[in-house]
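Structural characterization, general
One letter stands for each residue in the lines below.
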Amino acid sequence: MNIFLYLDENTWFHRLDPRTKLIGMFILFMMALTFNHPLGVGSVTLFVFAIAVAAKALPNFWRLRFILVLLTVFSTVMWPFFAEGPTVLWSWGRLQVSQESLLYGLAMGLRLSTFVGSGLLLLSTTKNEELTNGLIRLKLPYPFAFALSTAFRLVPTFAGAGATIVQAQISRGLDLESGNIFTRAGKFIPLAVPLFIYAIRHTNLLAMALESRGFSPEHQRSLYLNPQMRGGDYAVLIVLALVWLGMLYLRWQGYGAVLPRL
């Protein structure tokens, strides 16, 4: 089972400078925050999906399809109870659901899925060392870049260890399929103990390995990778920035807002 998100493909998106991908992901986040109408946010979601198709990152989107769908559905169901609109469709005491709050909830679900999809697109097309290199060249503090890249490196490792623990317990007779959802969730609690022990032991070994090699985040260091921003990188950033500015102008003119105050 492949537990890493990076997909080794030769696409134009893979060849972009990591700084372009990081800044582009930030602009995509801003695009998703610009509108709060489902049509506006949905257009950004489709835009991210189109980039994923061009970058051949769809296998990772399919792997995390349940998370993306759950984020959208959960937000669509919960947000209508916290946002108020003038067109009330149902009320019970202080609880009420309006047409505007339903649309707003759907937009927030699409926004969350767009955030996750944008990050997934970055991790599907960027190696961990390229991501660290890009963060450092963007003048972020080295401890922050190192901690973030280490987290991305450890998450698949812990996911693989968790899958191994679950398979080992199933081979010993653990039944995770019977019972209601609460019973099945309770069966996963004992499985978390060996995973926590593994995580603590692995982190401790990593810390000892770094100390034994004289690691210090304050030291001046050179970089093995030396990517250069090319014309395609600047063109991508200019197009994204222009699209975002156009969306800001539309929002300023009153478009793309189902609840203007939010």
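Structure's up top.
To keep things clear, this report deals only with the structure shown in the data block. (Residues numbered from 1 in each chain as written. Predicted model: local features only at pLDDT ≥ 70, side-chain atom pairs only at ≥ 80, totals over all residues. Heavy atoms only, no water.)

Remarks on the overall build of the protein
Assigned secondary structure in the protein consists of 10 helices and two strands. If you list the helices and strands of the protein from N to C, you get α-α-α-α-β-β-α-α-α-α-α-α. Oriented by its inertia axes, the alpha-carbon framework of the protein measures out at about 65 × 60 × 35 Å. Buried residues in the protein amount to 33% of all 262 residues. Long-range contacts, defined as pairs at least 24 residues apart, comprise 74% of the intrachain contacts of the protein with a sequence gap of at least 6. For the protein, the accessible area works out to roughly 16300 Å², and carbon and sulfur atoms hold 69% of it. (Helix = DSSP H or I, 4+ residues; strand = E, 2+ residues; numbered from the N terminus. Buried < 20%, exposed > 50% of the residue type's maximum accessible area, 1.4 Å probe, protein only. Contact = heavy atoms within 4.5 Å. Areas by Shrake-Rupley, 256 points an atom, 1.4 Å probe, with all protein chains shown as cover.)

Here we look at unusual backbone geometry
In this structure, Lys 56 is a non-glycine residue whose phi angle is positive, near 55°. Along the polypeptide, Lys 56 turns up in the loop between helix H2 (38-54) and helix H3 (58-63). You will see that Lys 139, though not glycine, has its phi angle at about 70°, which is positive. Considering the arrangement of structural elements, one finds Lys 139 in the loop between helix H6 (128-137) and helix H7 (142-171).

Describing the pattern of salt bridges
A side chain of one charge can pair with a side chain of the opposite charge when the charged atoms of the two come close. Under the counting rule described, the total for this entry stands at one salt bridge. Note that Arg 19 and Asp 17 form a salt bridge whose closest N and O atoms lie 2.9 Å from each other. The exposure class of Arg 19 is buried, given its relative accessible area of 16%. Taking the relative accessible area as the measure of exposure, Asp 17 reaches 3% and is therefore buried. (Salt bridge = Lys/Arg side-chain N within 4 Å of Asp/Glu carboxyl O.)

Considering the nonpolar core
Counting residues in each nonpolar core, the largest one holds 17 residues, and the members touching the most others are Met 31, Val 41, Val 44, Tyr 104, Met 247 and Leu 259. Elements with a contribution of two residues or more to this core: helix H1 (18-34), H2, helix H5 (99-125) and helix H10 (231-252). Met 31 has contacts with Val 44, Phe 47, Leu 240, Val 243, Trp 244 and Met 247, leaving out every residue within four places of it along the chain. Core analysis: the second largest hydrophobic core is formed by 10 residues, Phe 13, Ile 51, Ala 52 and Ala 55 among them. (Core = buried A, V, L, I, M, F, W, Y, C linked by side-chain atoms within 4.5 Å.)

Let's talk about the pairing of strand E2 (residues 95-98)
Pairing between strand E1 (residues 88-92) and E2: four bridges, direction antiparallel. Counterpart to Ser 91 in the pairing with E2 is Gln 96. Hairpin connection from E1 to E2: two residues lie between these consecutive antiparallel strands, with Gly 93 at a positive phi of about 65°. (Pairing = 2+ DSSP bridges.)

A short note on the environment of Asn 60
Here Asn 60 is to be found in helix H3. With 190 residues separating them along the chain, Asn 60 and Leu 250 place their C-alpha atoms 33 Å apart. Setting aside its immediate chain neighbours within four residues, Asn 60 contacts Leu 5, Leu 7, Leu 120 and Ser 124. A polar contact is formed between the side chain of Asn 60 and the side chain of Arg 63, at a distance of 3.1 Å. Of note is the side chain of Asn 60, whose polar atom sits 2.7 Å from the side chain of Ser 124. (Polar contact = N/O pair within 3.5 Å; in protein donor to acceptor, adjacent residues only side chain to side chain.)

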